[in-house]
Amino acid sequence: MTNQSIKKVAVFTSGGDAPGMNAAVRAVVRTAIYHDLHIFGIHGGYDGMINNRIKRIERPDVANIIQRGGTVLKTARSEEFRTKEGREKAFSNLEYHGIDALVAIGGNGTYTGAKILGEEYNIPIIGIPGTIDNDLAGTDYTIGFDTAINTAIDAVDKIRDTAHAHSRLFIIEMMGRHAGDIALHAGIGSGASKILIPEKSTDLDAMITKLKRSAERQKLFNLIIVAEGEHNGGAMAVADKIIAGGFKKEDVRVTIIGHMQRGGSPSCQDRVLASRLGYVAVDGLMNGKRGMAAGIISDEVVFTPFDEAIKGAKPINQDLVRMAEILAM
Ligand code: F6P
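Residues numbered from 1 in each chain as written. Predicted model: local features only at pLDDT ≥ 70, side-chain atom pairs only at ≥ 80, totals over all residues. Heavy atoms only, no water.

**Brief notes about the pairing of strand E5 (residues 125-129)**
- Taking burial as the measure, the five residues of E5 include five buried ones, the bulk of the element.
- Of the pairings in the sheet, the one linking strand E4 (residues 101-106) to E5 comprises five bridges and is parallel in character. Note on E5: the bridge partner recorded for Gly106 is Pro129.
- Each parallel crossover has a hand, and for E4 linked through helix H4 (residues 108-121) to E5 it is right-handed.
- Sheet topology note: the E5/strand E10 (residues 292-297) ladder contains two bridges and is parallel. Note that in E10 the partner of Gly127 across the bridge is Ala293. (Buried < 20%, exposed > 50% of the residue type's maximum accessible area, 1.4 Å probe, protein only. Helix = DSSP H or I, 4+ residues; strand = E, 2+ residues; numbered from the N terminus. Pairing = 2+ DSSP bridges. Right-handed = clockwise from strand over helix to strand, strands pointing away.)

**A few points about the packing of aromatic side chains**
- For the coordinates displayed, the defined rule picks out five aromatic pairs.
- Judged by centre distance (5.3 Å) and plane angle (45 degrees), the rings of Tyr111 and Phe306 are tilted. Taken together, the residues span a long stretch of sequence, with Tyr111 in helix H4 and Phe306 in helix H10 (residues 306-311) at a distance of 195 residues. Both residues of the pair, Tyr111 and Phe306, count as buried.
- Linked through ring pairs, Phe12, Tyr46 and Phe81 together constitute an aromatic cluster. (Phe/Tyr/Trp six-rings, centres within 6.5 Å; stacked < 30°, edge-to-face > 60°.)

**Points about the sheet that holds E4**
- Pairing is mixed in the open sheet, where seven strands are placed in the order E3-E2-E1-E4-E5-E10-E11. Each end of this open sheet is capped by a strand with a single partner; those strands are strand E3 (54-56) and strand E11 (300-305). Sheet twist, expressed as the average angle between the axes of neighbouring strands with direction ignored, equals 25 degrees.
- The sheet strands contacting helix H9 (residues 268-286) are strand E1 (8-13), E4, E5, E10 and E11, and the helix crosses E5 at an angle near 170 degrees. (Axes fitted to C-alpha atoms, helices over the stretch in contact; angles between N-to-C directions. Contact = heavy atoms within 4.5 Å.)

**Topic: unusual backbone geometry**
- In this model, Asn52 sits at a positive phi of 55 degrees, which is unusual for a non-glycine residue.
- Following the sequence through the fold, Asn52 ends up in the loop between helix H2 (45-50) and E3.
- Residues other than glycine seldom take positive phi values, yet Asn122 does so here, at roughly 55 degrees.
- For Asn122, the location among the structural elements is in the loop between H4 and E5.
- By relative accessible area, Asn122 is classed as exposed at 58%.

Next up, the structure:
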């Protein structure tokens, strides 16, 4: 039985953009139209909701976007939405357009905002995990993660060429905020000598001793991947410690891959994941679901209450961590 009271749904993207967000928007819009709903796009996330940047979306508006990175709806991180006054303005704009329900695409901050708004104003909201960090509970993978790790290994492969040519030690920093998933996966995929992640503390002295032994065997060439949230303080700090540990400054180089990891055309895996989640989000709303995030676990659709999805940061895969250690040095 479908929820007859929902007639107008709005979709928005919020927080850091992630490749595949457009594919998710497209799926939300097309599924909503299939259900004879009126669909709106909120431009610029919660900020756009507060400032009434809300427009009807028609089917042609989402043509030719499945392959595009970024987000056609734009995104933002809104401080104002954290305030009660900000949310009041946002909800009055939703009311003005007669919007009955929302689909929120983003990460942890997006889910937190959705949970609060949904509870304060009793509006049904479904979340879709859109972040390159892969740090949300309630789904095996977040939209954008697969593209980000493929961009990252592409960059590392290129760095490998020059590192090998000059027999240099490269420290490469990857995004992920407090999570090490990007660094772990891209590190394994690019055959790094060492992967430093926030979820596991690394004994840098022991690592430097090993690097020295390998340099003595005339193998200075090494690639070390560092997650930005790692406890030593990122790639620059790790490089400083390696130089202080006895390596020549001219033999050590740092590359911070940075926002490149957030851009680009989404991989097929991200497009399929986004299409699937966009579709089930609207389907879930029509079937009475609210206050939950849609996800895919072991190829099955699951809905996780926002509370659980926010609190339960996804644990890193310890099997992969162990394997990476064995395959590395
Ligand atoms: O959450 C996605 C992410 O790219 C993180 O990996 C990173 O820490 C953060 O966003 C960077 O945010 P900003 O673009 O606002 O500096």
